[in-house]
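Observations on chain architecture
Now for the letters of each chain:
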Amino acid sequence: MRIVSAHEGVIPISSSMSNAFIDFSTMDCSVLALVSDVVVDGQPVVGYGFNSNGRYSAGEILRRRILPRLLEADPDSLLDADGGLSPSAAWDVVMRNEKPGGHGERSVAVGVVDMALHDLAAKVAGVPLHRWIADHYGDGGSDESVFVYAAGGYYAPGKTLGDLQDEMRGFLDLGYEVVKMKIGGADLAEDLRRIEAVLEVLGGDGSRLAVDVNGRFDLDTALAYGRAIDPYGLFWYEEVGDPLDYHLNATLAEHYRGPIATGENLFSLQDARNLVRYGGLRPDRDWIQVDPALSYGLVEYRRIQDMLAQHGWSSRRCIPHGGHQFSLHIAAALRLGGNESYPGEFQPTGGFADDAAVEGGRVRLDDRPGIGFEGKAAFHRVLRQLHA
Ligand SMILES: O=C([O-])CC(=O)C(=O)O
Ligand SMILES: [Mg+2]
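Here the structure is a predicted model, which means the values were calculated and not measured.

Conventions we followed
- Residues numbered from 1 in each chain as written.
- Chains lettered and ligands numbered in written order.
- Predicted model: local features only at pLDDT ≥ 70, side-chain atom pairs only at ≥ 80, totals over all residues.
- Helix = DSSP H or I, 4+ residues; strand = E, 2+ residues; numbered from the N terminus.
- UniProt positions renumbered as here; feature names shortened; annotations may be inferred.
- Buried ≥ 20, exposed ≤ 12 C-beta atoms within 10 Å, placed from the backbone.
- Contact = placed C-beta atoms within 7 Å.
- Near = placed C-beta within 6 Å.
- Nonpolar A, V, L, I, M, F, W, Y, C, P; charged D, E, K, R; others polar.
- Pairing = 2+ DSSP bridges.

Of note, the amide linkage connecting Gln347 to Pro348 takes the cis form, showing an omega dihedral of 10°. The residue Pro348 is located in the loop between strand S10 (339-341) and strand S11 (358-359) in this model. Positive phi outside glycine occurs at Ser52, with the angle close to 60°. One non-glycine residue, Glu239, adopts positive backbone phi at about 35°.

On to the UniProt feature "binding site: Mg(2+)" (unreviewed entry) in the protein chain. UniProt's feature table lists "binding site: Mg(2+)" (unreviewed entry) at Asp212, Glu238 and Glu264, given in the numbering used throughout. The annotated residues occupy 53 residues of the chain but converge on a single region, no pair of C-alpha atoms lying more than 11.2 Å apart. Topologically, Glu238 is positioned in strand S7 (residues 236-238). When the 26 C-beta atoms within 10 Å are taken as the criterion, Glu238 is described as buried. As for its placement among the helices and strands, Glu264 is situated in the loop between strand S8 (260-262) and helix H9 (269-278). Here Glu264 falls in the buried class, since 26 other C-beta atoms lie within 10 Å of it. Setting aside residues up to four positions removed in sequence, Glu264 forms contacts with Glu239, Gln289, Asp291 and His321.

What follows is about the site of ligand 1. In the vicinity of ligand 1, the contacting residues are Asn19, Gly54, Ala151, Asp212, Asn214, Glu264, His321 and Glu340. The class makeup of the residues in the shell around ligand 1 is one nonpolar, four polar and three charged.

Glancing now at the pairing of strand S2 (residues 28-40). Taken together, the nine bridges between strand S1 (residues 3-12) and S2 define a ladder with antiparallel strand orientation. By the bridge assignment, Pro12 is partnered in S2 with Asp28. Alignment of S2 against strand S3 (residues 43-50), held across seven bridges, turns out to be antiparallel. Residue pairing for S3: Ala33 is matched across the bridge by Tyr48. Hairpin connection from S2 to S3: two residues lie between these consecutive antiparallel strands, with Asp41 at a positive phi of about 50°.

What follows is the structure in structure tokens.
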């Protein structure tokens, strides 16, 4: 098989909400279609990718470096020994002449391509991506359903405590059992009022509430909030300091007893390894949130999984950031602990297939070939326009 053309674009996923660090008024996202020469039912098979949420589009890197390398490569160099598309062979091709380190937005660009390659490979094989991953990288099987938590609880102009409670009630009505809200964008007293408002909706059960600081706190603030929220017994305390400040994280882990989660802004094997080496995370309770779409794709994510296993970490301690369908397949096939979900935000990319129902806090995988963007009508319309 051959990739005959690549069609890259940028779409807005903007909104009026904010976390503790950024607002999303100008947030956008790279989208990609890779058209192959394989024809099914009279149509070429096309692989789609996009760059999750929270980092801006990476079109310049895609157009100037990554896609030209892919399209100009000897087509056979992109195939495995059986003649199937090999995302890991393609990874070596698109990363040729790139220095190590300084991952920046390059990892985002490669992640978009890696997602589209995996979508394409599974579609050509005629199987859902989780099955393709299980067969090629996993133990041959996959989890039938995946734990998902509903992320939201952003700051927004005019948003009241009642609005926050309604948002969380909406998540529970959809079938979620664990919800996440932002903190760190207000002072401690105000954030505690917000947390307690959400706990009221959860019947006082802190183990069903995660809070996310988006890297805002210095060490003193991290510890002060930690002392204040400790009695709630929360699901996790997320990305408390700068993502690369491993010492802050390690000090926090010495003082805060509850689970800590981090990793959504670590974009490489090397950064993730440094987190495990120096970040003080505890494999019996903490969570690693590396997002395969932002961090050089599934090819790199598998390297991260191998590294974690070497350090005694179970794959079940990983719950990727991003709330996208790609990681849902990865979570099922690599037997992760779950996946984030965005029932309300980041449209049209956010969320799973239109018919994906959450039951008891878990979502079942469907049988559409590939990632299954075709089951997410509004997003699929955008993706189809790329190569119309
Ligand atoms: O607000 C964001 O950028 C998204 C985020 O941290 C998350 O999903 O955990
Ligand atoms: Mg986060």
